[in-house]
Amino acid sequence: MAENTRYPEREQHMAADAGAANVTDMANTNSAPDLRASADDRIASSADAGFDSGSDPAAASVRASGGAGGAGGAGNGGKPGGPPPHGPDHIDPLHFIGWIAMVIGMFMAILDIQIVASSLENIQAGLSASPDEIGWVQTSYLIAEVVMIPLSGFLSRLISTRWLFVLSAAGFTIMSVFSAMAWSINSMIVFRALQGFLGGAMIPTVFATTYIIFPKSRQNGASVIIGLIATMAPTVGPTLGGYLTQSLSWHWLFLINIVPGIIVGIVVAMTLRIDKGDRSLLKGFDIEGLVAMAAFLGSLEYVLDEGPRNDWFDDRAITYGAVICVLSGLYFLWRMFTYEKPIVDLSSFTDRNFSMGCIFSFTLGIGLYGSVYILPLELARIRGFDSLQIGTIMAVTGGCQFISAPIAGRLMKVWPPRALLGLGLALFALGLGLNGFQNSQLGFDELLVPQAVRGFALMFCMLPITSLALGTLPHDKIKNASGLFNLTRNLGGAIGLACINTLLDNRSDLHWAHLAEYINPANPIYQNYLKMLTARYEALGIAEPATAAMKSISGILTRESSMIAFNDVHLAMAAAFVLALLLLPLAKKPNAMGASAPAH
């Protein structure tokens, strides 16, 4: 099989190509491997990025021949000066297949959180757990996952991206089986913690791999797929979880992961040979830094998750958790900046665009996870909708995401990332703001426009944020930076949900107190309404109609105060996006160097 190399004009071809073309173009199935560079360039780029060029038969062939397609032009089947069989943006078909499998694994990991959250009451009944205990089914998973995400950068360098993902997918799948077989709440908590920790590496490795195997002109198209999958999982999760629980049983919330988990692990193991591990990293391994990071992130997640339910610092455990969080966090930061081989390299934050990208990712986490959490809760509490009705309304957001994904990809070709991000942040703020002026009769029609606007905004935010944060970093920082980038989105969701629950409780009490001022004998409107309800219940033959009328009025009072509180929460989230929009000028225009894919 003839081996071919790049012509010197490859950079001109890449600059001319738009970058967000149809993803099917990425999976060019020509059999001849495309080396994408001369032999010397290939070896140099592989050494810089840590790629396993020694295991690549194409690279070995080039080294043996002194560079195919050299002076004699033999790289094109012996025809001097002939064009290479692949375009300058060719993607290795095996790498593309492996990447698709990784994206499916990422979808499984994100989806798992949402479908379990929607059916905690069913799990509680099945395991005979108390209301306080059942919350740990989610808390244990989130604590373990948030520890693994920043650790994934180190592990991918240690054992390679391929084997880290395979082990993560295998561990996630095995723990899914054990979770389905849990015999008590304690065993479920243990299995969920292991599932979150073992599966936590799947998400950041997908982002890192995208900026490794795809050339820069194809990264936007790949990011469209990642963004669509990452944002779709929270949208369809509650509906799918309710369907599985009602149609089958809560065990299938976990059993559904088995078949795709096995397939994903096998496919990635067979196709994604893009780098190899460096066992020398174990020398001087920072155990103290690992323990400090685990204590910091674990206690932070615990405080944020349990704080709203336990009145924050009125609970002794929350207070102790906060103290541990502060002390371990300070020690962790000191350790990372002073130790020779830190467990997490924080130097990426010296890149202004990466830092700003993490801030925008944090904000997106607030809006993404917050809106998916608050709207179903609002519809269930205010309107009494079931999971199917809620899922129908939430599907509007998912449908608009599908429609906007190719539009966002095309706009990334012609618009600067900052301009597209500004549009996305403005639309997201608008969608949340429209939800902040609803009344207690809200339904599909009332929520159609806000949901559609938010659905379009998600893709306009996700693509440029990823491009700003990771698109200009050197290759050797991509893996570690990807973990930190994904961590900020998760922390945004965790902190956002904690603030949402606290704000919702406080504002509900405040509005209830204000509305209750009108429930007094001196108010003629209240007196007339009470008499009307009493007469109606008396005509229906209800015992103690006056008491029943008062209960009805009390229910209306609670409903309306909660409705106003939900509006306040949506407006607060909208304000967060407006603030992020004001910070947008601080991000620099990305230059052309970026994390373009190395030759593969």
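Our subject is the structure that appears above.
Residues numbered from 1 in each chain as written. Predicted model: local features only at pLDDT ≥ 70, side-chain atom pairs only at ≥ 80, totals over all residues. Heavy atoms only, no water.

Caption draft 1: Looking closely at helix α7 (residues 136–159). At Leu151, α7 is bent by approximately 45 degrees, the largest bend along its length. The element α7 is extensively covered by neighbouring structure, given that 21 of its 24 residues are classed as buried. Looking one or two residues beyond α7, the residue adopting positive phi is Ser160, at roughly 90 degrees. (Bend = angle between axes of the 7 residues up to and from the residue. Helix = DSSP H or I, 4+ residues; strand = E, 2+ residues; numbered from the N terminus. Buried < 20%, exposed > 50% of the residue type's maximum accessible area, 1.4 Å probe, protein only.)

Caption draft 2: Main features of a negative patch on the surface. A contiguous patch of negative charge on the surface is contributed by Asp311, Asp314, Asp505 and Asp509. Relative to the helices and strands, Asp505 is located in helix α20 (residues 475–516). (Patch = residues over 30% accessible without salt bridge, like charges linked within 9 Å, V, L, I, M, F, W, Y side chains within 5 Å. Areas by Shrake-Rupley, 256 points an atom, 1.4 Å probe, with all protein chains shown as cover. Salt bridge = Lys/Arg side-chain N within 4 Å of Asp/Glu carboxyl O. Lys, Arg positive; Asp, Glu negative; His and termini not counted. Charge placed at Lys NZ, Arg CZ, Asp CG, Glu CD.)

Caption draft 3: Region of the structure containing the packing of helix α14 (residues 287–306) against helix α15 (residues 316–338). It is at 8 Å that the axes of α14 and α15 come closest, and there the two elements cross at 145 degrees. For the pair α14 and α15, the crossing hand works out as left-handed. Contacts between α14 and α15 involve Glu288, Gly289, Ala292, Met293, Ala295, Phe296, Ser299, Leu300, Tyr302, Val303 and Glu306 from the first element and Ala317, Ile318, Gly321, Ala322, Ile324, Cys325, Ser328, Gly329, Tyr331, Phe332, Arg335 and Met336 from the second. Considered class by class, the residues forming the contact of α14 with α15 number 15 nonpolar, five polar and three charged. (Axes fitted to C-alpha atoms, helices over the stretch in contact; angles between N-to-C directions. Left-handed = near helix turned anticlockwise from the far one by under 90°. Contact = heavy atoms within 4.5 Å. Nonpolar A, V, L, I, M, F, W, Y, C, P; charged D, E, K, R; others polar.)

Caption draft 4: Structural context of the packing of α7 against helix α8 (residues 161–180). Packing of α7 against α8 brings their axes to within 8 Å, and their N-to-C directions diverge by 150 degrees. Classified by the angle their axes make, α7 and α8 are roughly antiparallel. At the point where α7 passes α8, the crossing takes the right-handed sense. Contact residues: α7 offers Tyr141, Ser152, Leu155, Ser156 and Ile159, while α8 offers Thr161, Trp163, Leu164, Leu167 and Phe172. Broken down by class, the residue content of the contact of α7 with α8 amounts to seven nonpolar, three polar and no charged. (Parallel < 35°, antiparallel > 145°, perpendicular 65-115°, else oblique.)

Caption draft 5: Structural view of a nonpolar patch on the surface. A cluster of nonpolar side chains, namely Leu430, Leu434, Phe444, Leu448 and Val449, defines an oily patch on the protein surface of about 400 Å² accessible area. Elements with a contribution of two residues or more to the nonpolar patch: α18 (417–435) and α19 (444–470). Sorting elements by how many residues they give to the nonpolar patch places α19 first, with three residues. With respect to the helices and strands, Val449 occurs in helix α19.

Caption draft 6: A look at the nonpolar core. In this structure, Trp99, Met106, Ile123, Phe354, Phe360 and Leu470 are the most contacted members of the largest nonpolar core, which totals 130 residues. Those residues in contact with Phe354, other than ones at most four positions away along the chain, are Ser348, Phe349, Leu468, Ala469, Leu470, Leu473, Ala481, Leu484 and Phe485. If you look at the next biggest cluster of nonpolar residues, it comprises 11 residues, including Met232, Leu420, Met459 and Phe460. (Core = buried A, V, L, I, M, F, W, Y, C linked by side-chain atoms within 4.5 Å.)

Caption draft 7: Local environment of the environment of Phe285. Examined against the element boundaries, Phe285 turns out to sit in the loop between α13 (258–271) and α14. Judged by relative accessible area, Phe285 falls into the partly exposed class, the value being 26%. On a C-alpha basis, the gap between Phe285 and Ile343 in space is 7.4 Å, while along the polypeptide they are 58 residues apart. Those residues in contact with Phe285 that sit more than four places away from it in its chain are Phe154, Leu290, Tyr339 and Ile343.

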